[in-house]
Amino acid sequence: MSKKYAIGVDYGTESGRAVLVDLSDGTEVADHVTPYPHNVIDEKLPISGIKLEYDWALQHPQDYLEVLTRSVPAVVQASGVDPADIIGLGIDFTACTMLPVDAQGQPLCFNPELTNNPHSWVKLWKHHAAQDEANLINEIAERRGEDFLPRYGGKISSEWMIAKVWQILNEAPDIYEQTDRFLEATDWVVSQMTGTAEIVRNSCTAGYKAIWHKKKGYPSDEFFKALDPRLENVTQTKLRGEVVALGTKAGELTESMAALMGLQPGIAIAVGNVDAHAAVPGVGVVTPGKLVMAMGTSICHMLLGTEEREVEGMCGVVEDGIIPGYLGYEAGQSAVGDIFAWYVEQGVPAYVQAAAEQEGTNVHEWLERHASAYKPGETGLLALDWWNGNRSVLVDTELNGLILGYSLLTKPEEVYRSLLEATAYGTRKIVDAFHNNGVEVQELYACGGLPQKNRLLMQIYADVTNREIKVADSKQTPALGAAMFGAVAAGAAKGGYDNIVDAAQKMARVRKDTFKPIPENVAVYERLYQEYSKLHDYFGRGENDVMKRLRAIREEARH
Ligand SMILES: Nc1ncnc2c1ncn2[C@@H]1O[C@H](COP(=O)(O)OP(=O)(O)O)[C@@H](O)[C@H]1O
Ligand SMILES: O=C(CO)[C@H](O)[C@H](O)COP(=O)(O)O
């Protein structure tokens, strides 16, 4: 049999990328990135220019299709591989990134009559405007003693499906009414490749983002009725659709999409997956004890376990949610790279930009180099990493960032270092929450853009967590994982694999170089982390709700 290949397509927050992978050893033969033409829509709607409210984050579904029709042909062409040897394709996506579609599976925002309503568009994972609904979901679920709450660390997030659906119902009942189904974007894109007759939902997003359980299904109609009588039957109506396991073949590539993507019709398309979750086999992790960090604009922390444990603020524990046969745990930080980007774009003085330009480097690299000259603790700064709220362990999108310890001598690189450190403390909170509650964390695995871009950041993470960090050898780990699932969907008989464990064992690699904790740094960071923890609890657990009061005053001032 000639060499066989699969394609993985990774849908990130700002761009989508395709990677063509050799199935014999995981070599990434070609990759191509398509930045989303409309990027993140968080100020005004395209065309109409309708202004969006604070905390909104939308996307354009056409951008996702453009990734398929630009990046996929580009990798096929660049690789020189015969399309006949490409046997499967898998995708992974940010999540919960959801959209309302009509009975034909068309996004409601494509309908000229509905396009001016912001609720007809894709709500991106970091759309945080459904917090009121999330608060009520939690209050009502707690009052009713719903058994699903412990599986989600005690709180359902405003980033997830049910809060977003309810926000649509509350603020745009006409859009809700005209919605045939609410879909995860990952399932919608898969349906566009396989034809929309049978839309299948993947068990990963259903489990982590829509409160679905392998044995119990969705929460009861009574629960939804208690939220709002209009939601009583939502799981049989607008959330209907078979939920199938990761690695399942969702269908086969249609003739029309094959022509647009430069592939052969009929190849296996795997059910959708989530970026962070696909990264786990992508980095070769198929057993417990190894926490995978998908590090980019945000961080998702993924871990396998053998028993269901309660862990404060985790995003969820889902049976078979990452690797079949294990409980998959997820936690996360909703801004990491985004915080550094904010500082680079909004906070650095002009002389830093000029110096970086003159030295032919970018501002991040300039700041990293200068920040590396400091020892842990030497800046005198301490920050809380809540620029986009706190996902784990507090699960509160209404918290904000904080930097303590400024003086007239504070330098931009010191601020930058304090922001890197703050995100490391946030990760330490998560590691401790798992480890101290019986879900062991022995070592860390890192993938995504950040480990490739910032060595100082990685050393700080090793020192703050006091654990060795292995880094994925792949530049596109989620896409590699997605390609593995594509190969599993195709099956061993076609030259793919029969299960994800076999695929990961053959195709995943980590770099030889690892980041090891440096004992003297560990000791200083331990003291700083204790200080971080005090601030974390003081501002995050209700002792001083000043951040919430400031938000309320801001809202009053805006209206
Ligand atoms: N040298 C750097 N150091 C730290 N962060 C960086 C650096 N360069 C870019 N970033 C941040 O990396 C993030 C993008 O990460 P990446 O993994 O490429 O994207 P995504 O999360 O969309 O998949 C941005 O938020 C950006 O601010
Ligand atoms: O919540 C998620 C996964 O469960 C999101 O997909 C994730 O936070 C977005 O990640 P990024 O843009 O950093 O790839």
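Structural data are supplied above this passage.
Criteria and thresholds
Residues numbered from 1 in each chain as written. Chains lettered and ligands numbered in written order. Predicted model: local features only at pLDDT ≥ 70, side-chain atom pairs only at ≥ 80, totals over all residues. Heavy atoms only, no water. Salt bridge = Lys/Arg side-chain N within 4 Å of Asp/Glu carboxyl O. Buried < 20%, exposed > 50% of the residue type's maximum accessible area, 1.4 Å probe, protein only. Helix = DSSP H or I, 4+ residues; strand = E, 2+ residues; numbered from the N terminus. Near = heavy atom within 4 Å. Polar contact = N/O pair within 3.5 Å; in protein donor to acceptor, adjacent residues only side chain to side chain. Areas by Shrake-Rupley, 256 points an atom, 1.4 Å probe, with all protein chains shown as cover. Nonpolar A, V, L, I, M, F, W, Y, C, P; charged D, E, K, R; others polar. Domains from an automatic or database assignment. Pairing = 2+ DSSP bridges.

(A) Structural view of the pattern of salt bridges. Using the criterion set out here, one finds 29 salt bridges in the structure. Linking R144 and E146 is a salt bridge whose minimum nitrogen-to-oxygen distance equals 2.8 Å. Look at R144 and you get partly exposed, because its relative accessible area is 38%. Here E146 falls in the buried class, since its relative accessible area comes to 13%. Here D396 makes a salt bridge to K548, at a shortest N to O gap of 2.4 Å. Residue D396 is located in the loop between β17 (382-384) and β18 (402-404), and its partner K548 is located in helix α19 (residues 546-558); the two are separated by 152 residues in the primary sequence. Residue K548 is classed as partly exposed on the basis of its relative accessible area, which comes to 26%. Residues participating in the shared-partner salt-bridge network are K214, K215, E319 and D320.

(B) Representation of the site of ligand 2 within the structure. If you check the shell around ligand 2, you find 13 residues, and the closest are T13, K209, T297, S298 and E330. At 2.8 Å, a side-chain N or O of S298 approaches an oxygen atom of ligand 2. In this structure, an oxygen atom belonging to ligand 2 sits 2.6 Å away from a side-chain N or O atom of E330. Taking 380 Å² as the accessible area of ligand 2 by itself, protein coverage stands at 92%. Grouping the amino acids of the shell around ligand 2 by side-chain chemistry returns four nonpolar, five polar and four charged. Inspection of the shell around ligand 2 shows a minimum of three residues originating in each of domain 1 (5-277 + 477-507) and domain 2 (286-471 + 518-559).

(C) Spotlight on the site of ligand 1. By nearness alone, 15 residues border ligand 1, and T297, G337, G449, K453 and N454 come closest of all. Within the backbone of T297, a nitrogen or oxygen atom sits 2.7 Å from an oxygen atom of ligand 1. A distance of 3.0 Å separates a nitrogen atom of ligand 1 from a polar side-chain atom of N454. Here ligand 1, which alone exposes 580 Å², has 83% of that area covered by the protein. The set of elements that each furnish at least two residues to the shell around ligand 1 consists of α10 (337-347) and α14 (449-453). Element by element, the count of residues in the shell around ligand 1 is highest for α10, at four residues. Of the residues in the shell around ligand 1, the class split is five nonpolar, seven polar and three charged.

(D) Layout of the pairing of strand β13 (residues 289-295). Counting buried positions over the seven residues of β13 gives six, a clear majority of the element. Relative to strand β19 (residues 441-447), β13 is paired through six bridges, and the arrangement is parallel. Across the sheet, residue V292 finds its bridge partner in β19, namely Y445. Pairing analysis gives four bridges linking β13 to strand β14 (residues 299-305), with the strands arranged antiparallel. Of the residues in β14, the one forming a bridge with A294 is C300. Hairpin connection between β13 and β14: a loop of three residues separates the two successive antiparallel strands.

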